[in-house]
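Given next are the chains, with one letter for each unit.
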Amino acid sequence: MPRPVSIPFSKVQHVGIPSRDVDASKQFYELLGFVEVMRKIFNHAEGLGTCIMMQKEDIVIEFYQLPASTVVREIITRSDGHIDHIAFDVTDIHQVYSQLHDAGFNPIQEAPVKLDFWERGVQFFHIVGPDGERLEFNEVL
């Protein structure tokens, strides 16, 4: 069982939602006042995926579309539209990773992962909660 830790995260960074069609998600959320603030193509084990970030004031929602073969398999085991992860802003991803790892939280990734998102990139990692939910710690570089 992990032991308590004090992590200095300041707010929810974003909520990640898998999408069958990120453009359809974009159109829907634009009706609610969200605007697209980032769009990136990313590598996935089975091909290319698309990620968009939609923002309204301080609320950021990530929609990501996986390659078609992955989406078909994911639909069989779960339906899209559920919340995949909650991400928290941190200012020192490596310190937070070490702190959680040392406390027994067992991060999914072997080290923080860097992606070419936002202007200068991000680094993140996940831990898993008791019901399988993923908590992401995210540093926008």
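The structure contained in this document is the topic of the report that follows.

## Overview of the sheet that holds strand β8 (residues 134-140)
Point 1. Read from one edge of the open sheet, 8 strands run β2-β3-β4-β1-β5-β8-β7-β6, paired in mixed fashion. Each edge of the open sheet is held by one strand with a lone partner, namely β2 (35-44) and β6 (113-115). Put simply, the sheet's adjacent strands are angled 25° from each other on average, direction ignored.
Point 2. As paired strands, β2 and strand β3 (residues 47-56) are joined by 9 bridges and run antiparallel to one another.

## Some remarks on the side chain of Gln-109
Point 1. Topologically, Gln-109 is positioned in the loop between α3 (93-102) and β6.
Point 2. Residue Gln-109 is classed as buried on the basis of its relative accessible area of 16%.
Point 3. For Gln-109, the residues in contact, after removing those within four places along its chain, are Tyr-97, Phe-124, Phe-125 and His-126.

What counts and what doesn't
Residues numbered from 1 in each chain as written. Predicted model: local features only at pLDDT ≥ 70, side-chain atom pairs only at ≥ 80, totals over all residues. Heavy atoms only, no water. Pairing = 2+ DSSP bridges. Helix = DSSP H or I, 4+ residues; strand = E, 2+ residues; numbered from the N terminus. Axes fitted to C-alpha atoms, helices over the stretch in contact; angles between N-to-C directions. Buried < 20%, exposed > 50% of the residue type's maximum accessible area, 1.4 Å probe, protein only. Contact = heavy atoms within 4.5 Å.

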